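Survey of secondary and tertiary structure
As a plain string of letters, each chain reads:
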Amino acid sequence: MVTLAEVAQHAGVSASTVSYVLSGKRSISATTRQRVEQSIRELGYHPNAGARALASSRSNIIALVIPLRTDMYVPVMMEIAIAVATTARTHGYDVLLLTGEEGPEAVRRVTGSGLADAMILMDVELDDERLPLLRQADQPSVLIGLPADTTGMTCVDLDFTATGALCVEHLAELGHRDIAVIGEAPAVYERHTGFAERTLDGLRSRARELGVRVLHRPCEGGYDALTVTLARVFDERPGTTGFVVQNESAVEPLLALLRQQGRAVPEDVSVVAVCPDQVAVQASVRLTSVAIPAQEMGRRAVEHLLAKLEGRGSEDIVLLAPELVVRASTGPAPAAP
């Protein structure tokens with residue numbers, strides 16, 4: 001294993017100079033810094049993590065608090081997590097995953113142990129119990145999500161309110177006046193999870209402005225649950241011609257059930273989904289959709305967190321504008337019988 005002394009000898013500098021280059025504690029000339037960094041690369045030197053943490057009072061670790069719940073679509077969560085990890089790595093940080101449903105206790109473990117220099121939190125609820133602890137913590141944090149009260153918080157998220165509005169606008173422009181929303185599992189709304197609540201708020205608000213009727217039905221997803229949900233929709237609103245789906249596990253069962261009932265997509269019924277592009281393009285009918293920009297959300301969160309660690313950050317709210325891509329699942333509303 002290459003030592004710090006060997007790097008110093010190779011670069012023609014003192015061991016303390018190499019240490020200062022690694023820790024950033026003192027100003028080193030650009031020429032000397034480049035020579036030391038070149039020696040580090042050529043020799044393949046990797047600083048001892050424990051010694052580095054003691055020397056710099058930093059662990060170079062970011063904690064990512066990402067509760068993996070059975071009622072959430074895990075592939076999207078993991079795509080965000082991978083984006084966080086890869087972005088962090090390019091800046092010399094590793095990521096510690098906390099995946100349990102621990103609530104405030106996960107934050108206490110990080111703040112109380114010094115495990116990580118900073119935190120990124122996902123699965124944010126409107127009235128999230130973790131926020132008071134974050135506001136008191138010494139470690140900086142960023143939320144991937146948007147709570148009701150953003151005071152003292154830095155947040156990165158898709159603008160889900162605008163997403164809901166965009167979906168109903170598209171269907172209204174096609175002449176649809178009765179729309180059903182197939183939502184996430186009931187527990188997601190019971191927790192008042194931010195993204196689901198905001199999508200629904202944006203959709204309902206814009207629908208009122210456009211004179212469109214909306215029926216919202218949470219759904220566990222899967223064929224059996226969709227069978228019951230779809231029957232309820234058409235019992236209550238037999239004139240429904242448009243669907244907005246915010247539940248990836250409900251997409252294919254919905255399309256299959258509509259086919260079984262003789263309802264052609266998009267000739268009889270139009271479907272818009274809020275989902276990853278992969279889900280939209282691989283569906284049995286290519287879905288008009290608003291994509292979840294998972295990679296950009298993860299990357300932006302890390303960039304804002306590092307800015308805060310370096311004293312450059314502020315309490316920003318970054319909402320990514322939604323983009324609706326029209327595919328084969330939406331068309332003009334059928335003429336009234």
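You'll find the protein entered in an unreviewed UniProt entry as LacI family DNA-binding transcriptional regulator, with Streptomyces chilikensis given as the organism.

A separate point is helix 6 (residues 104–113). Where helix 6 is concerned, the buried positions are Pro104, Ala106, Val107 and Val110. Each buried residue of helix 6 lies within a common arc of 160° when the element is viewed along its axis, so the set occupies one face. Positive phi shows up at glycine 114, right after helix 6, with a value of about 70°.

A few words now on the environment of methionine 77. When you line up the elements, methionine 77 lands in helix 5 (residues 74–90). For the pair formed by methionine 77 and leucine 4, sequence separation is 73 residues and the distance between their alpha carbons is 39 Å. Excluding residues that lie within four positions of it along the chain, methionine 77 makes contacts with Ile66, Pro67, Leu68, Met72, Met122 and Asp123.

With mixed pairing, 6 strands are arranged side by side in an open sheet as 7-6-8-9-10-12. A strand with exactly one partner marks an edge of an open sheet, and here the two such strands are strand 7 (213–218) and strand 12 (324–325). Direction of pairing for strand 6 (residues 178–183) relative to strand 8 (residues 242–245): parallel, over a ladder of 4 bridges. Bridge assignment links isoleucine 182 to a residue of strand 8, and that residue is valine 245. Here helix 10 (residues 194–210) sits on the sheet and contacts strand 6, strand 7 and strand 8; the angle it forms with strand 7, its principal contact strand, is near 160°. Lying on the sheet, helix 12 (residues 251–260) is in contact with strand 8 and strand 9 (270–274); it crosses strand 8 at an angle near 160°.

Per the stated rule, a full pass over the model turns up 18 salt bridges. When the shortest N-O distance is used, the salt bridge between arginine 89 and aspartate 94 registers 2.7 Å. Arginine 89 gets classed as partly exposed once you look at its relative accessible area, which sits at 44%. Taking the shortest distance from any N to any O, the salt bridge between aspartate 178 and arginine 213 comes out at 2.8 Å. Linking aspartate 178 in strand 6 with arginine 213 in strand 7, this pair joins segments that are 35 residues apart in sequence. Aspartate 178 gets classed as buried once you look at its relative accessible area, which sits at 14%.

Moving on to the state of the cysteines. All chains considered together, the criterion is met by 0 disulfides. Cysteine 275 forms no disulfide, and the closest cysteine sulfur to it belongs to cysteine 167, at a distance of 9.7 Å. Residue classification places cysteine 275 among the buried positions, given a relative accessible area of 1%.

With omega at 10°, the peptide bond leading from valine 265 into proline 266 counts as cis. Relative to the elements of secondary structure, proline 266 occurs in the loop between helix 12 and strand 9. With phi around 55°, histidine 192 is a residue other than glycine that occupies positive phi space. For histidine 192, a relative accessible area of 40% puts it in the partly exposed group.

Once that is clear, we can look at the side chain of glutamate 248. Within the element layout of this structure, glutamate 248 appears in the loop between strand 8 and helix 12. One buried charged side chain, glutamate 248, makes no salt bridge at all; its nearest oppositely charged neighbour is arginine 191, positioned 12 Å away. With residues near it in sequence (within four places) discarded, glutamate 248 still touches Tyr73, Val76, Glu184, Val274, Cys275, Pro276 and Val279.

Right, let's get into the environment of proline 104. Mapped onto the elements, proline 104 comes out in helix 6. Judged by relative accessible area, proline 104 falls into the buried class, the value being 16%. Sequence separation between proline 104 and serine 270 is 166 residues, and the spatial gap between their C-alpha atoms is 42 Å. When near neighbours in sequence (up to four residues on either side) are disregarded, proline 104 contacts Glu129, Arg130 and Leu133.

This part takes up the packing of helix 1 (residues 4–11) against helix 3 (residues 30–43). It is at 9 Å that the axes of helix 1 and helix 3 come closest, and there the two elements cross at 120°. Put simply, helix 1 runs oblique to helix 3. Along this stretch, helix 1 crosses helix 3, giving a crossing that reads as right-handed. Residues Glu6, Val7, His10 and Ala11 of helix 1 form the contact with helix 3, whose own contacting residues are Arg35, Val36, Ser39, Ile40, Glu42 and Leu43. The class makeup of the residues in the contact of helix 1 with helix 3 is 5 nonpolar, 2 polar and 3 charged.

Procedures and definitions
- Residues numbered from 1 in each chain as written.
- Predicted model: local features only at pLDDT ≥ 70, side-chain atom pairs only at ≥ 80, totals over all residues.
- Heavy atoms only, no water.
- Buried < 20%, exposed > 50% of the residue type's maximum accessible area, 1.4 Å probe, protein only.
- Helix = DSSP H or I, 4+ residues; strand = E, 2+ residues; numbered from the N terminus.
- Arc of directions from axis to C-beta.
- Contact = heavy atoms within 4.5 Å.
- Pairing = 2+ DSSP bridges.
- Axes fitted to C-alpha atoms, helices over the stretch in contact; angles between N-to-C directions.
- Salt bridge = Lys/Arg side-chain N within 4 Å of Asp/Glu carboxyl O.
- Disulfide = S-S within 2.5 Å.
- Lys, Arg positive; Asp, Glu negative; His and termini not counted.
- Parallel < 35°, antiparallel > 145°, perpendicular 65-115°, else oblique.
- Left-handed = near helix turned anticlockwise from the far one by under 90°.
- Nonpolar A, V, L, I, M, F, W, Y, C, P; charged D, E, K, R; others polar.

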